[in-house]
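For reference, the chains in residue letters:
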Amino acid sequence: MNAPHSGPVVSETAAAADSLVAGVDVGGTFTDLVLFDAGARKVRLAKTPTTLDNQASGVLNALHAAEADLAAIDLIVHGTTTTTNAVLERNLCKTGLITTQGFRDVLELGRRTRPQPYGMKGEFKPVIPRDLRLEVPERFNALGEELVPLDEKALRAALQTLIDAGCEALVIHFLHSYANPGHELRAGEIAAEMWPNENITLGHALLSESREFERGVTAAINASVQPLLRRYVERLADQLAGEGYRHDVLVMNGNGGMVSARRVAIEAAKTVMSGPASGVMAAAYTGRRAGIPNLLTYDMGGTSTDVALIRDAEPAVSNEIEIEY
């Protein structure tokens, strides 16, 4: 039986019908805003220059241009190119990696999917340089059985080396951690004692799959953009709160979903391509409503151009992405 109520019951549907929602997309050149007042069935638009030194200011400028009352807004949904452009331009944070002894070059060897792989020239530069990729004795096999115990003394020495080198973020990427993450978890505990901030990425926690290169690259990208994204969302939250906004900010992920700004920096790599993804999701929805299920979307921004295929009103999904730069 439902408990008695002292006042009228407002359903979630009715509450949503009166909501005021802001959608904002920060690009490399412009910041775009759509403010939707569901109760009045009105839309306000704003376009302002992106403030590259502090993108949060550009978001506030767009809200001001739309004459938005931040205290009245119920939800802000945010797509950002912060991480995408950082990867495209290689404007990344100094990051160190600790891996299994003998495997520091996994990120550099890759899958040979690089420019001119069989030519006399052509290069592939990992986001973490070789001098910041350190090795420690430890080893599990593919069944998750321990072959070499984790050398905690060597781990602490490697951590100190990376701290002394001025690294802002850390990756711990051990062989076969998808089968047994025990060594990565223990290394993470030790790193938390020594590392000067929260920017620690464990490979298995972000992408628990068997391929060492893919897992390692994902972790390396995550760590390399994590401090940038963390600083940005913290500044944004502070500035929004300072002007009266009282709710959470949802940040778009590259898969078309959303995550709370309070947690988005933990898996920062998932925000890569979040701006283009939001456009694709909107195009799929619009095409479905318009009876046009098969679409090709084209999104030209100030930094990159993105194309996506929508078939039967469903965006095509890939488990791999290659970003040209």
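Report follows, based on the coordinates. Remember, predicted model here, so these are calculated numbers, not experimental data.

## Considering the packing of helix H5 (residues 152–164) against helix H6 (residues 182–194)
Their axes nearest at 10 Å, the elements H5 and H6 cross at an angle of 45 degrees. Between H5 and H6, the angle falls in the class oblique. Read as a crossing pair, H5 and H6 show a hand that is right-handed. On H6, the residues that touch Glu-152, Leu-155, Arg-156, Leu-159, Gln-160 and Ile-163 of H5 are Arg-186, Ala-187, Ile-190, Ala-191, Glu-193 and Met-194. Here the contact of H5 with H6 is composed, by residue class, of seven nonpolar, one polar and four charged.

## Regarding unusual backbone geometry
In this structure, Arg-41 takes a positive phi of about 55 degrees despite not being glycine. Counting through the fold element by element, Arg-41 comes out in the loop between strand E2 (30–37) and strand E3 (42–49). Residue classification places Arg-41 among the exposed positions, given a relative accessible area of 70%. The residue Glu-67 is not glycine, and still its phi comes out positive at about 55 degrees. Inspection of the secondary structure assignment puts Glu-67 in the loop between helix H2 (55–65) and strand E4 (75–80).

## With respect to the sheet that holds E3
The mixed open sheet is built from six strands, whose spatial order is E3-E2-E1-E4-E11-E12. Single-partner strands in this sheet number two, and they are E3 and strand E12 (258–260). On average, each strand axis in the sheet is inclined to that of its neighbour by 20 degrees, with strand direction left out of account. In this sheet, strand E11 (residues 249–252) lies alongside E4 in parallel orientation, the contact comprising three bridges. Paired with His-78 across the two strands is Val-251, which belongs to E11. Running over the sheet, helix H8 (residues 212–242) touches strand E1 (20–26), E4 and E11 and is turned about 150 degrees from E4. This element, helix H9 (residues 274–290), spans E1, E4 and E11 of the sheet and lies at about 115 degrees to E4.

Thresholds applied
Residues numbered from 1 in each chain as written. Predicted model: local features only at pLDDT ≥ 70, side-chain atom pairs only at ≥ 80, totals over all residues. Heavy atoms only, no water. Axes fitted to C-alpha atoms, helices over the stretch in contact; angles between N-to-C directions. Helix = DSSP H or I, 4+ residues; strand = E, 2+ residues; numbered from the N terminus. Parallel < 35°, antiparallel > 145°, perpendicular 65-115°, else oblique. Left-handed = near helix turned anticlockwise from the far one by under 90°. Contact = heavy atoms within 4.5 Å. Nonpolar A, V, L, I, M, F, W, Y, C, P; charged D, E, K, R; others polar. Buried < 20%, exposed > 50% of the residue type's maximum accessible area, 1.4 Å probe, protein only. Pairing = 2+ DSSP bridges.

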